[in-house]
Amino acid sequence: MFSDTYLNRDSFIHRLDPRIKLFFLLFFSIFFFLPLILLKYYGVVLLIFLTGIISIGFKEIVKPLKMISPILILIILLTPPFYPDGEAYLILFNYPLVTDKGLYQAFFLIGRFSGLTLLFYLFLRTVKMEDFALSLRFFKLPYTATLVISLTFRYLPYAASIYENTTDAHKMRLTNYSEPVSKWNFPARFKKLLSILTSVLIQSVKSIPNLAMVLETRGIGRNSKPGKMKKMAGIKKLSRQLIFSFFVLSVIICYIFV
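No experiment lies behind these values; they were computed from the predicted model shown. In this numbering scheme, every chain counts its residues from 1 along its sequence in written order. Whole-chain, interface and lining totals are the exception, using all residues; otherwise, since this is a predicted model, local features are given only for residues with pLDDT of at least 70 and side-chain atom pairs are given and counted only at 80 or more. Excluding hydrogens and water, the side-chain values take into account all heavy atoms of the structure.

## Some remarks on the pairing of strand β2 (residues 95-99)
On a regular strand, each side chain points to the face opposite its neighbour's, so the side chains alternate between the two faces of the sheet.
Step number 1: We call two strands paired when DSSP finds no fewer than two bridges between them. Working definition: helices are DSSP H or I runs of at least four residues, strands are E runs of at least two. Numbering for both runs from the N terminus. Judged from the four bridges that link them, strand β1 (residues 88-92) and β2 form a sheet pairing that is antiparallel. Residue Leu 92 lies in a different strand from β2, and its bridge partner there is Tyr 95.

Shown next as structure tokens:
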């Protein structure tokens, strides 16, 4: 019932140990909240983007940017008016609508949001969910928390697939909701969306027994500890990957502080 986000490829990112990738995920997530200049933000965004092109391909790494493009447009339109200080580029009714500080904050938020989106998308496309759960357990995260996190990452694409399948099913039916609606006809679009969401809700409720069985087989509600069907490689076998990761980490840290 759950969709997997892993994309089977043979790139160096795919071959990298998931524990190392999880560490870099946390490291870069912290990086995007540091008070750095705008150029360093976009430098790391470009690095993640190029890494995505090499590992999963250009078409795949562009998909999350297309999905969040409406949010990015809203950020660039709505953020500058809230920062009237600085040199004004556009004034409306004696109010500085666009200033240099407002544009800086807008591109600051765009860089942070785009970087985090690309980072998590690249991580999920190059790590299997079972390896992700084992990596969390390796870092001593409680089993229940590990299971909740892994199920969340699995359930989100599953919910998205339900919505897409329901939309396709409504298009195939000869009803009023299957006919094309003008993008400016907001009441009709709302009714159409409401019918789709109702079907999605019904399908989600029907999947609750399956989810309960999955949780029970994973050890939730039992006193005995769950077994492990798969073991990860020892640290000694990852010497080359650790040396490479330490080198990359050193370069990024120098890039941050120099």
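Read on for the rest.
## Topic: the packing of aromatic side chains
Step number 1: When the centres of two rings from Phe, Tyr and Trp lie within 6.5 Å, Trp using its six-membered ring, the rings pair. Their planes under 30 degrees apart give stacked, over 60 give edge-to-face, and anything left gives tilted. All chains considered together, the criterion is met by eleven aromatic pairs.
Step number 2: Relative to Phe 139, the ring of Phe 138 has its centre 5.3 Å away and its plane inclined at 85°; by these criteria the two rings are edge-to-face.
Step number 3: Exposure categories follow from relative accessible area, calculated using a 1.4 Å probe and restricted to protein chains: below 20% of the type maximum is buried, above 50% is exposed, and the middle band is partly exposed. Classification of Phe 138 as partly exposed rests on a relative accessible area of 37%.
Step number 4: Each member of the aromatic cluster is reached from another via a ring pair, and the members are Phe 23, Phe 24, Phe 27 and Phe 28.
Step number 5: The criterion is that NZ of a Lys, or CZ of an Arg, lies within 6 Å of the ring centre and within 35 degrees of the ring normal, and then a charge sits over that ring. The ring of Phe 138 carries the charged tip of Arg 19 above its face, separated from the ring centre by 4.7 Å.

## Remarks on unusual backbone geometry
Step number 1: Of note in the backbone geometry, Lys 140 takes a positive phi value of approximately 65° without being a glycine.
Step number 2: Tracing the backbone through its elements, the reader meets Lys 140 in the loop between α6 (129-138) and α7 (143-172).
Step number 3: Looking at Lys 140, the relative accessible area reads 72%, which means it is exposed.

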